[in-house]
Each structure stands twice: as C-alpha cells, then as structure tokens.
Amino acid sequence: MSEIVSSNDFQAKVLDVPGKVLVDFFATWCGPCRMVAPVLDEIAAEKAGEVTVVKVDIDQSPDIATRYGVASVPTLIVFENGQPIRQTVGAQPKQNLLALLA
C-alpha cells in the first residue's frame, strides 16, 4: 500500500526525494480513486527502487492540492528531483500510468 503523506511531510517525502515520485491526489469518497489504488500499489511494488509512490488526501491536505492546481481526483503528478514534470487526471489503466513514468 502506498504511503499517505500530509502537509507536514510532503517536503521530505516528495520534494526532497531524488529521482521520480508519483503522487496520487485522492479522496476517500472518490470511486475512481479506489479503482486506481490497487494499480498504483502494483506499480509501487514493480518499480521499487526506481519510483516512489505516495498519496495525498485532498481533504486532509487541501493546501498541497491547491498548490498544484488539483481540481479533480484522482490527479496523478510525477515529480522528478522535486519538480512536477507530468500529470494526468482520472482513473487510468496501468499501461498509461507506466507511460507517465517513462
């Protein structure tokens, strides 16, 4: 299961991490978010050591969602060396998420 990060540890768990971090902006009430969660867990296991996968609950950390312009969930943003480089909105099939990380 992907780690949930908050406003308190976003800097350390996402922005200060070398390499790629896939951030899933989600909400507990979001059906598509629940659909994509197991796919993200698979990617986290398969890409361990290459990519870090974390989640941000937009209801618990609305400041982070606002900072990155998250208007819909799920929104997935790839950060590389602390900078957002790509993003997608909505539940995506695994191959699309892997392409996002390529």
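The preceding data block contains the structure.
All chains use their own residue numbering, which begins from 1 and follows the written sequence. Per-residue local features are limited, in this predicted model, to residues with pLDDT of at least 70; the limit for side-chain atom pairs, both in listing and counting, is 80 or more; totals at the level of whole chains, interfaces and linings are taken over all residues. Heavy atoms from the whole structure form the basis of all side-chain values; hydrogens and water molecules are not counted.

Let's talk about the pairing of strand 5 (residues 83-89)
Pairing between strands requires that DSSP locate at least two bridges from one strand to the other. A run of DSSP states H or I qualifies as a helix once it reaches four residues; a run of E qualifies as a strand once it reaches two. Both are numbered from the N-terminal end. Pairing between strand 4 (residues 75-80) and strand 5: six bridges, direction antiparallel. Directly across from Glu 80, in strand 5, lies its bridge partner Gln 83. Here strand 4 folds back onto strand 5 in antiparallel fashion, the turn holding two residues, of which Asn 81 has a positive phi close to 50 degrees.

Side note on the state of the cysteines
Criterion for a disulfide: a pair of cysteine sulfur atoms at a distance within 2.5 Å. Scanning the entire structure with this criterion turns up one disulfide. The residue that forms a disulfide with Cys 30 is Cys 33, at a sulfur-sulfur distance of 2.4 Å. In this structure, the disulfide formed by Cys 30 and Cys 33 twists by about 80 degrees around the S-S bond and is classed as right-handed. Assigned by exposure class, Cys 30 and Cys 33 land together as buried. Note on classification: 1.4 Å probe, protein chains only; a residue is buried when its accessible area is under 20% of the maximum for its type, exposed when over 50%, partly exposed between these limits.

Concerning the side chain of Asp 24
Position of Asp 24 among the secondary structure elements: in strand 2 (residues 20-26). Classification of Asp 24 by relative accessible area gives buried; the value is 0%. The contact criterion used is simple: two residues touch if any of their non-hydrogen atoms lie within 4.5 Å. When near neighbours in sequence (up to four residues on either side) are disregarded, Asp 24 contacts Leu 40, Val 54, Lys 55, Val 56, Pro 74, Thr 75 and Leu 76.

Considering helix 2 (residues 31-46)
Over its 16 residues, helix 2 extends 24 Å from the first C-alpha to the last, a length consistent with the 22 Å expected when each residue adds 1.5 Å. The largest bend in helix 2 amounts to roughly 30 degrees and is located at Ala 37, with the proline Pro 38 lying one to four residues further along. Where helix 2 is buried, its residues contact strand 2, strand 3 (51-57), strand 4 and helix 4 (94-101). Multiplying 1.5 Å by the helix residue count minus one yields the expected span of that helix. What the bend at a residue measures is the angle between two axes, fitted to the seven residues ending there and to the seven starting there.

So, the packing of aromatic side chains
Centres within 6.5 Å are what make two rings of Phe, Tyr or Trp a pair, Trp counting through its six-membered ring; a difference in plane orientation under 30 degrees is then read as stacked, over 60 as edge-to-face, and the rest as tilted. Summed over the entire model, instances satisfying the criterion amount to three aromatic pairs. On the numbers, 5.8 Å between centres and 45 degrees between planes, the contact of Phe 10 with Tyr 68 is tilted. Of this pair, Phe 10 sits in helix 1 (residues 10-15) while Tyr 68 sits in the loop between helix 3 (62-67) and strand 4, and the two are 58 residues apart along the sequence. Relative accessible area serves as the criterion here: at 1%, Phe 10 is assigned to the buried category. An angle of 80 degrees between the planes, with centres 6.0 Å apart, marks the rings of Phe 10 and Phe 79 as edge-to-face.

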